[in-house]
Structures are given as C-alpha cells and as structure tokens.
Amino acid sequence: MKMTGRLLIIVLAARLHPQVSVAQDSAPAFQDSTQSAALTFQHISPSSPERHVHLTMGSGVAICDFDRDGCPDLYFAQGGAWSGTINSATTSKDQLLRNRRGHFVDVSTNTELASGSYGMGVAVGDSNNDGFPDVYVSRFGTDILLQNNGDGTFQLSESLLPPSTSSYSASCTWTDVNADGTPDMFVTRYVNISDDNYPVCTDDATNLAAVCPPWTFDGLHDVLLLGDGAGRLVDVSEERGLQGVKPAQGLAAVTSDLDDDGDLDIYVANDSVPNHFWKNDGKGVFSEAGLITGLAVNRDGRREAGMGLAIGDATSSGRVDLVVTNFHEETNTFYRNEGFGFFNDVTDEIGVGAPSRSHLAFGINFLDADGDSDLDLFVANGHIHDRLKELGRDIPYRQSPQLLTMNNGRYEDVSERSGTVFTESFLGRGSAVLDFNKDGKTDVLMTNLGGRPVLFDNQTMGHGRVLTLHLSGRVRSRDAVGARVTVTINGRNPIVRFIDGSSSYLSTSESVARFGVGNSDVVDEVTVRWPNGESQSWKDIPSNATYSVVESVSRIFSLP
C-alpha cells in the first residue's frame, strides 16, 4: 500500500502514543480548591528597594506522607524579608500541613521545622531507611535535614550536614549514586553571594533598581552528599567528579537512569549557561556529558535560562524524555530520548515551543490529566521583574499557568478550556502533582511568590480509570528512586512511568506510579524494574485501585 508522507506521520504518531479509550470530548477540567481544602500557607518574600535577586526566586513544596496514614501531606518552604544577613534573613518558619481526607490542618507548632533562612528546595526521602520519610530543605543560608521521629514530628539534624551546605542552594534531590542502598543527596547551588558580597543592579535606561541577571554573579559547584546509613551526609563532590567543570548557576535537578545503563545519573538545569548531564560510571563517579548527549543547549546551540525540569516517557518509547523551562522569549525545551544516551531537541515538532515563548516558566510537571495514559504537561509561570512597564517592557509580571495535553504525538495548549483558574495570573514558582482527595485523579499544587499556593483540583468528567502503585525497595533504598514501572493494557504498547527523587522547580511530587487506563477494568500486566536491575511482574490486576508493591515480595497489596 502506498502512503503519503502526511499519512505516514499520522500512523507513526498513533503507534508512538497508545492512547487508551476514555469517554471524553473536551479538555481536562480543574478548579481552584485552595480555600475549600484549607490551605493556609502564605509565602513571604517582599521586594527590597535594591531588588535583591533571591527575593524573586520563590520557594518550593514537597508532597510527603509524613505520618504514613496513606494521605499526602504538604511541606512548604518559607521565604522571608531581607535583613542584610543571610543566616538571619527571616524569623519565618516552614509550614507542615497534615491531610485529613482532603482538608489540611496546620501542625507546624507540633514539631521542629526549618526557620532562620530563606527556604528554597524541598526533597523527601528516607535518609536512614527506617520507613519514615525525612525532609531536606535547601536554602539561601544553611541547609537543613529534618529526620522523621515516626510519631508525627521531625528532629532538626544540622550536625549531620557538612559545611558545604551553607551557601545559596537551590534544588535538591535524593538519589543513590553508588547503588549501596543508602540514600544520597544532590544539591544544586545557584550563585556566590555573601553578607559582604551581594551585588545589586540598576537599569541603564531608567536608573531604576532591577534584579541582576545571573551572569552578574559567580556560579557555584553543585554538591554531592553520600549517605552513611544513619542519616549523616558526607561531601564527596570533588572526589566524585563534580568539580571538574566551571561552576555554574544551577537551579533544578533530577535523578534518573537517563542513558539506561543501570545506574542513576543527574541532570541539572543551569540559568543562562549550558545545562549539565552528570553521567554515572556505575560506581558513583561522574563525568559531565551534556554537550555530547545533546542536553547542554537547545537545537540552535544556544544556552538558555534553565529554571525547572520534568522527566517522563512522553513519547512512548520506554525511555526517559526531559523538558526544561526557560525565560521569556525562549521556549521551554523538550529533549526526546533517542536511546544509547543521546537526546534530540524536538521542542517545535512536539508542540511545546509556541505556547511557551510569551511566558517565563519555573515549575513543570508531567501528569495524565484525563486518564487516557498519555503524559500531559502543567507549567507554572511568572516573571521576576516587578517593574516591567517602568522598564519599557510590555510583558506581564503575573502570568497564567498552562496545561498542555498530548494528542496524537503533539502537545496542545488547552489552558483556556480547562477552568477559570488557568485564566488567573500568579507568580508561579514551584509545582508538584498529587491526588490530595484520593479520587484517583491527578491534582497539581503550585507555589506562588509572596502569596498563597494554588491547588488545582482535577474535576475532569469522563476521566479514565486509574491504577496507582506505591513502591517500596528492600534491596536498594526504600524510596525506589530510579525504578521503572510498565503497564500493558488490552495488548497495546506498554505505558511506562519512572520514580524520581525531586523535579519541577524546588519541589517534590507524590512518589507514586500513576497510570490512566481509560475504560479498562483490568490491567494485563504490571512489571517493575527495580533500581538493582531485577524485575517482577504481576498479571490481570484490577484497575481503579491503589496497591503497595514491595521489592522481592511475590504478591502486591491493595490499599484503601
């Protein structure tokens, strides 16, 4: 049979994106449930007269079932006013909210939490493998490790961190770089600022104070902290290769087996300098391979203002694709995984480019918003300059978030059809996905610079059935970071999800593998490839349910 080029493209797209059937003709629908869910957090970050840069960057959020009751709780990093001293920048305290059947209760007064510096990133992981999630908070100041006591409270463990974690840290993520089963910590660091060295800038045309661009400051080397099994973290950055390149202005990081060679690599989105791909040699020693793999710059060879990032198998290849958010008039950049450790910038071909050029994006998440098995995209937007009109720039300061759905191999911006919350303007920064009310639909939580967070409650009619898997490791780390989960439905091409540590911008999503399975009552097969390379499979699993999957245990357990 003779095929035209257009028909061939359509057929290939259908093969690459095995969308399952759902009874839905319109875009996904979300509503703002911030108030009804009793989210009381208020971010603090007032602009200074000099427009200090850290006050524009915002703070992250982590989804963390800290009390192990099966409901996702929330940990918000807090900012604060600039006092002129980094480690006394604020007396504000982070906030911990317990989830009680879809409504949140502030339990911050019951426990020790981070305070005293401007909070940036939040990462959740079981640092000592005791079964209870701990929290690492990276900060403009001194980082904090909060160890879970197992009784609904945390213990501040500053003595477990080395001096290198006192600087301007941005994102952080738990990983296991040497495959010893003990969680390690990777921290991106932004720019070299101190009490005595904090440059400020003015606009040449207007002489108004303006936020300094990142190249005003010297960059910093990122930090790799190796866990000792008891929660103590040791700086091994130099001996593991991380200081073999020029320091950069790092903002976001994610850990995954990006080249599919059986170990955990690390990718860093850098601000206005080439991004870093830290390739693991299998023993926890790294070499920087961003340029040769296609991940350092965009297709035109240009470095971009990397802010946030997300990973997922968006192209249905079974491999880890990657998308990075960037500055206004740049695009958010989509790197398709071509296999063998190589990536290709297909931003325009896949439909991500045009919708992103007029925005300044920070947080970004893959999610299946409508339950059709494809990975859609949520993007948090908001500028850093609050004097844009005075500076002669016709660009909005507050900006609307975006929802892009995957349809036949391309993304489509459906924001205006997905609820009034997508027509409102915010200073979006961090973002994370979760199912806060346990209705099976994926919701989104976005932090808002100097304001209340926004809870995007998924109200999609005709949403497909959902299979949710909670993974627990036994041979390697309990968090199962790096695990690959594959689901087969009705003989179609498999659907793949990956477990990562942290992603987006400064944030950590709910650590589950969630699959939209359309109208299917039963999943043909579920396969988990654990971080040690071993695989387990289960057949004929009922959908529209949540299960606990434990490494090397032959059965899976139904959860309420």
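Whatever comes next refers back to the structure up there.
Residues numbered from 1 in each chain as written. Predicted model: local features only at pLDDT ≥ 70, side-chain atom pairs only at ≥ 80, totals over all residues. Heavy atoms only, no water.

Asker: I keep staring at the side chain of Ser356 and nothing clicks. Help me out?
Answerer: By the secondary structure assignment, Ser356 is in helix H3 (residues 353-356). A distance of 3.1 Å separates a polar side-chain atom of Ser356 from the backbone oxygen of Val352. Ignoring anything within four residues of it in the chain, the contact list for Ser356 reads Glu330, Thr331 and Asn332. (Helix = DSSP H or I, 4+ residues; strand = E, 2+ residues; numbered from the N terminus. Polar contact = N/O pair within 3.5 Å; in protein donor to acceptor, adjacent residues only side chain to side chain. Contact = heavy atoms within 4.5 Å.)

Asker: Just to check I follow, could you spell out the nonpolar core for this structure?
Answerer: Ranked by size, the top nonpolar core spans 29 residues in total, and within it Met57, Met120, Phe140, Tyr168 and Ile193 carry the most contacts. Counting only elements with at least two residues in this core, the list comes to strand S6 (118-125) and strand S10 (166-175). Core analysis: the second largest hydrophobic core is formed by 22 residues, Leu467, Phe515, Val517 and Val526 among them. (Core = buried A, V, L, I, M, F, W, Y, C linked by side-chain atoms within 4.5 Å. Buried < 20%, exposed > 50% of the residue type's maximum accessible area, 1.4 Å probe, protein only.)

Asker: What exactly am I supposed to notice about the packing of aromatic side chains here?
Answerer: For any pair of aromatic rings, the description rests on two quantities: the centre-to-centre distance and the angle between the ring planes. Under the definition given, this model contains 15 aromatic pairs. Ring centres of Phe140 and Tyr198 lie 6.1 Å apart, and the angle between their planes is 75°; this geometry places the pair in the edge-to-face category. Pair noted here: Phe140 is in strand S7 (residues 134-142) and Tyr198 is in the loop between strand S11 (184-189) and strand S12 (201-202), with a separation of 58 residues, a long-range link. A relative accessible area of 12% places Tyr198 in the buried class. Every member of this aromatic cluster is reached through a ring pair, and the members are Trp82, Phe140, Tyr168, Tyr190 and Tyr198. (Phe/Tyr/Trp six-rings, centres within 6.5 Å; stacked < 30°, edge-to-face > 60°.)

Asker: For this particular structure, what's the right way to read the environment of Val481?
Answerer: On the secondary structure map, Val481 appears in the loop between strand S31 (465-472) and strand S32 (484-488). Taking the relative accessible area as the measure of exposure, Val481 reaches 7% and is therefore buried. For the pair Val481 and Val236, spaced 245 residues apart in the sequence, the C-alpha separation amounts to 20 Å. Apart from residues no more than four positions distant in its own chain, Val481 is found in contact with Trp174, Thr255, Leu264, Ile499, Asp500, Gly501 and Pro531.

Asker: I'm lost on the sheet that holds strand S18 (residues 276-280) in this one. Help?
Answerer: Hydrogen bonds between backbone atoms are what pair the strands of a sheet, whose relative direction is either parallel or antiparallel. Spatial ordering of the open sheet is given by S16-S17-S18-S19, a layout of four strands whose pairing is antiparallel. Sheet topology places strand S16 (250-256) and strand S19 (286-288) at the edges, where each strand pairs with a single neighbour. The mean inter-strand angle of the sheet, taken between neighbouring strand axes irrespective of direction, is 20°. Alignment of S18 against S19, held across three bridges, turns out to be antiparallel. Looking at S19, one finds that Lys279 is bridged to Ser287. (Pairing = 2+ DSSP bridges. Axes fitted to C-alpha atoms, helices over the stretch in contact; angles between N-to-C directions.)

Asker: Explain the side chain of Ser138 here, please?
Answerer: Mapping Ser138 onto the fold places it in strand S7. When near neighbours in sequence (up to four residues on either side) are disregarded, Ser138 contacts Gly119, Met120, Gly121, Asp143, Ser169, Ala170, Ser171, Cys172 and Val187.

Asker: Would you take a moment to explain unusual backbone geometry for this structure?
Answerer: Note: most residues except glycine have negative phi, and most peptide bonds are trans. Although it is not a glycine, Asp260 sits at a positive phi angle of roughly 55°. With respect to the helices and strands, Asp260 occurs in the loop between S16 and strand S17 (265-270). Using a relative accessible area of 48% as the deciding quantity, one classes Asp260 as partly exposed. One non-glycine residue with positive phi stands out, namely Ser504, at about 60°. Locating Ser504 in the fold gives a position in the loop between strand S33 (495-498) and strand S34 (513-518).

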